[in-house]
Amino acid sequence: MQKHEAIQLLNMVRVHIVLGGVLAFTLGMLLAVAGGGTFNPLTALLFYSVVFFGDLSAHYSNDYFDYNQDQQTQSLKFFSGKRILIQHPNLLPTARITALICFSASILLACLAVATQSASLELLLIAVGANLLGWFYSAKPLRLVSRGLGEIAIALAAGFAIPAVGYMAVQGGLDALFGYFVLPFVLYGFMLGLSLEAPDVEVDRKSDKITVGTRWGAQAVFELILVVALLALAVFVFFALCVEAVCINFWVIAVFSTVPLAAAIAGALYSRRKANLNVFSAINISALFAFNLLMVGYLAIESLRLL
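Residues numbered from 1 in each chain as written. Predicted model: local features only at pLDDT ≥ 70, side-chain atom pairs only at ≥ 80, totals over all residues. Heavy atoms only, no water.

Q: Residue-level account of unusual backbone geometry, with values.
A: In this chain, Lys 140 is followed by Pro 141 through a cis amide linkage whose omega measures 10°. Within the secondary structure, Pro 141 is located in the loop between α7 (121-136) and α8 (150-171). Residues other than glycine seldom take positive phi values, yet Arg 143 does so here, at roughly 35°. Along the chain, Arg 143 falls in the loop between α7 and α8. Residue classification places Arg 143 among the buried positions, given a relative accessible area of 4%. (Helix = DSSP H or I, 4+ residues; strand = E, 2+ residues; numbered from the N terminus. Buried < 20%, exposed > 50% of the residue type's maximum accessible area, 1.4 Å probe, protein only.)

Q: Explain the nonpolar core to me, using residue names and the numbers behind them.
A: Ranked by internal contacts, the top residues of the largest apolar core, which has 89 residues, are Phe 25, Phe 47, Phe 181, Ile 248, Ile 253, Met 295 and Leu 299. Among the elements that take part in this core, helix α12 (residues 218-242) stands out by supplying 12 residues, more than any other. Apart from the residues lying within four places of it in its own chain, the contact partners of Ile 253 are Phe 181, Phe 236, Ile 248, Phe 291, Met 295 and Tyr 298. Leu 144, Val 145, Ala 153 and Ile 154 belong to the second largest nonpolar core, which has 5 residues in total. (Core = buried A, V, L, I, M, F, W, Y, C linked by side-chain atoms within 4.5 Å. Contact = heavy atoms within 4.5 Å.)

Q: So what's going on with the packing of helix α2 (residues 15-34) against helix α15 (residues 277-305)? Which residues, and what values?
A: Relative orientation of the contacting elements α2 and α15 amounts to 30°, with a least axis distance of 9 Å. Taken together, the axes of α2 and α15 lie roughly parallel to each other. Crossing of α2 against α15: the hand is left-handed. Here His 16, Leu 19, Gly 20, Leu 23, Ala 24, Thr 26, Leu 27, Leu 30, Leu 31, Val 33 and Ala 34 of α2 come into contact with α15, specifically with Phe 289, Asn 292, Leu 293, Met 295, Val 296, Leu 299, Ala 300, Glu 302 and Ser 303. Its residues placed into classes, the contact of α2 with α15 shows 14 nonpolar, 5 polar and 1 charged. (Axes fitted to C-alpha atoms, helices over the stretch in contact; angles between N-to-C directions. Parallel < 35°, antiparallel > 145°, perpendicular 65-115°, else oblique. Left-handed = near helix turned anticlockwise from the far one by under 90°. Nonpolar A, V, L, I, M, F, W, Y, C, P; charged D, E, K, R; others polar.)

Here's what the structure looks like:
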C-alpha cells in the first residue's frame, strides 16, 4: 500500500465517534471506581482496546457496505463520513480487509482478557454482540439499517456495550450499580441514533434504509428524541426518589440530564418551523457529549473521595 492510500484509509476513521467511545468507556470505568472497584491501568488499556478496534471495524465496514448507496446520495450530516471510498474506490478491498482485521482484533483481545482471568465471560459475549451489531448494521444479509433496526443497534452499542466494558475493566463484571444506568444509557444511545439520522431523512428515502425518519418524517424524529430525553430524566428522578444507600447522587445526574432534554426541546420546536435540521441534530449530539463529560467529571470527584 502506498503512503497516500494509507493516509486516506486513516482519514476514514471518524474521530468524533472514537472520542465518544472514549467518553462512554471512561464513564463506565469511573462509575465502577466510585462504586468501590479497583482501577488497574493495564487492565483498562486491554479492555479499551476491545472497544477501540470494535469502533474501527464499524467505521470501515459501514463505509464499505454503504458504498453503492453513498454513490447515489450525498449525506447532509455534520457527523457523516468523508466519502473516502467514493473518491478512492481502489481502497474498497483494503477497507474490507481492515474492517475484518479490527473485528478479529477486538474479539481476540476479549478472549485474552477472559483467558488471563482479567474479565468474566460477560466481556467476550458483549464484545461479540457489539461487533456483530457494528458489522451487520450495514452488511447483508441482515443489514439492520434496512430492517428498521439501525437506531436500536446504535442504542445497544453506544448506550450499553461501551460503558459496560468500561465498568467491567474495574469491577470484572456487571452488578446492581451498573444496572441502574442501563435503561437511561440505552435511551441516550437511542437519542444518538435518531439524531444522526435526522438530517438525512430525504437522502435515506432514496436508498434502502428504513428508519423512523423515512417512515414518519424528520419532525417525528425530533419529537421522538424529546420523548426519549424526558424518559431518561424520569428514570433518574425515579431513582433519586426511590433508591437509597447508593454511592451515586441521582439528583445530581438528573440535573445533568436536563442538558440533552433542553437540546431535545429546541429540536422538537424548531423542526416544526422547517429550520436547519442539521444544526439541531448537531446540538443534540453535542448535548449528549456534554452529559457524558459532566458525568465523567462528577464520577471522577466521587472516585477521588475514596482515595
